[in-house]
Amino acid sequence: MSKVGVIYGSNSGDTKEVVQYIAANFNSEIIDVKELEAEFFTKFDKFIFAASTHGQGELQKDFKAKLNLVAEADFGGKTIALVGVGGQVKHPTTFLDGLVEFLPLIRGAKLVGASDVDGYKFKHSLAFINGKFVGACIDFKNDPEWKARADKWVASIKGEF
Ligand SMILES: Cc1cc2nc3c(=O)[nH]c(=O)nc-3n(C[C@H](O)[C@H](O)[C@H](O)COP(=O)(O)O)c2cc1C
């Protein structure tokens, strides 16, 4: 199994906890996006980007501040899976919206890990495209079963990672 580079952005630690739980299933190196440098993208062929949504549907601020590095990286032949953490109860019209900020920047990559609604309730999400979320979607604060959801997602991408 080749090593997976895992990058997360998290305000209060929710996404950090989620991504640590997920990454334990892989041979991985995890970094806080605050530590991200361009060289990290040259070290692996597979990546997981994990970020919460804040503000009015915006990508977590530390990841946003490093999007220039994502835009400049060459993801040709590489595989990426996204993990979004958000809140469907208080933010039902912008649920996980921040996740889509990655999409135009990772065009060269093979994007894997789209997931089903699976009981989540929201009015609108930019991250919900063609009947699927573009990655794992986790409502850490409102979903006591989030680990089962994460397990299911990990099983769905195991063939790719
Ligand atoms: C001010 C504020 C704005 C938020 N806006 C959104 C939002 O637009 N969409 C969403 O899905 N979640 C939103 N959330 C919920 C967070 O994404 C959620 O609490 C998440 O678990 C935080 O994870 P973190 O600690 O890793 O940053 C917001 C939370 C706060 C405090």
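Everything numeric in this text was worked out from a predicted model, so none of it was measured.

**Focus on the overall build of the protein**
When its secondary structure is counted, the protein shows 4 helices and 9 strands. Along the protein, helices and strands appear, N-terminal first, in the series β-α-β-β-β-α-α-β-β-β-β-β-α. Relative to the 2.2 N^0.38 estimate, which gives 15 Å for 161 residues, the radius of gyration of the protein is 14 Å and therefore close to what a compact globule would have. For the C-alpha atoms alone, the extent of the protein along its principal axes is close to 40 × 30 × 30 Å. For the protein, the residues scored as buried account for 52% of the 161 residues in total.

**Brief notes about the nonpolar core**
Nonpolar side chains in soluble globular proteins tend to be buried together. I7, F41, F49, F63, F75 and F102 are the most contacted members of the largest nonpolar core, which has 31 residues in total. When contributions to this core are tallied by element, the ones reaching two or more residues are strand 3 (46-54), helix 3 (67-72) and strand 5 (79-85). Each residue touching F49, except ones within four places of it in the same chain, is listed here: I7, F41, F63, V70, F75, I80, A81, L82, V83, F102 and I106. V83, V85, F140 and W153 belong to the second largest nonpolar core, which has 23 residues in total.

**Side note on the site of the ligand**
For the ligand, the set of nearby residues contains 20 residues, the closest of which are S10, S12, D14, T15 and T53. S12 is positioned with one of its side-chain polar atoms (N or O) 2.6 Å from an oxygen atom of the ligand. Within the contact set of the ligand, an oxygen atom lies 3.5 Å away from a backbone nitrogen or oxygen of V85. For the ligand, the protein covers 81% of the area, taking 650 Å² as the surface of the free molecule. Among the secondary structure elements, those contributing two or more residues to the shell around the ligand are helix 1 (14-23) and strand 3. A per-element tally of the shell around the ligand places strand 3 first, with 3 residues. A breakdown of the residues in the shell around the ligand according to their chemical character gives 3 nonpolar, 15 polar and 2 charged.

**A short note on the packing of aromatic side chains**
The tally for this structure, following the rule as stated, stands at 21 aromatic pairs. For the ring pair F44 and F47, a centre distance of 5.9 Å and an interplane angle of 90° mean the geometry is edge-to-face. Just as F44 is buried, F47 falls in that class too. Centroid distance F49 to F102: 5.3 Å. Interplanar angle 55°. Geometry classified as tilted. With F49 in strand 3 and F102 in the loop between strand 5 and strand 6 (110-112), the pair connects residues that are 53 residues apart, well separated along the chain. Looking at F102, the relative accessible area reads 0%, which means it is buried. An aromatic cluster of at least three residues, connected via ring pairs, comprises F40, F41, F44, F47, F49, F63, F75 and F102. The side chain of R149 reaches across the aromatic face of Y120, ending 3.3 Å from its centre.

Rules used in this analysis
Counting from 1, residues in each chain are numbered in the order their sequence is written. Only residues with pLDDT of at least 70 get local features here, since the model is predicted, and only at 80 or more are side-chain atom pairs given and counted; chain-wide, interface and lining totals rely on the full set of residues. Processing note: side-chain calculations cover all non-hydrogen atoms of the structure and skip hydrogens and water entirely. The helix and strand labels rest on DSSP assignments: H or I over at least four residues marks a helix, E over at least two residues marks a strand, and numbering proceeds from the N terminus. Note that the radius of gyration is over C-alpha atoms, with the globule rule given as 2.2 Å times the number of residues to the power 0.38. Three exposure classes are used, based on accessible area relative to the maximum for each residue type with a 1.4 Å probe and protein chains only: buried under 20%, partly exposed in between, and exposed over 50%. Take the buried residues of types Ala, Val, Leu, Ile, Met, Phe, Trp, Tyr and Cys, join any two whose side-chain atoms come within 4.5 Å, and each joined set is a nonpolar core. For this analysis, residues touch if any pair of their heavy atoms sits within 4.5 Å. Proximity is defined per residue: any heavy atom of the residue falling within 4 Å of a molecule or strand makes that residue near it. Throughout this description, a polar contact denotes any pair of N or O atoms lying within 3.5 Å of each other; where both atoms belong to protein, one of them has to be capable of donating a hydrogen while the other can accept it, and for residues adjacent in sequence the pair is counted only when both atoms sit in side chains. Per-residue accessibility takes into account occlusion by the displayed protein chains alone, with areas from the Shrake-Rupley method and a 1.4 Å probe. For this classification, the nonpolar set comprises Ala, Val, Leu, Ile, Met, Phe, Trp, Tyr, Cys and Pro, the charged set comprises Asp, Glu, Lys and Arg, and every other residue, Gly included, is treated as polar. Aromatic contacts are taken between Phe, Tyr and Trp rings whose centres are within 6.5 Å, Trp giving its six-membered ring; a plane angle under 30 degrees counts as stacked, one over 60 as edge-to-face, and the others as tilted. Remark: a charge is flagged as sitting over a ring if the NZ atom of Lys or the CZ atom of Arg is within 6 Å of the ring centre and within 35 degrees of the ring normal.

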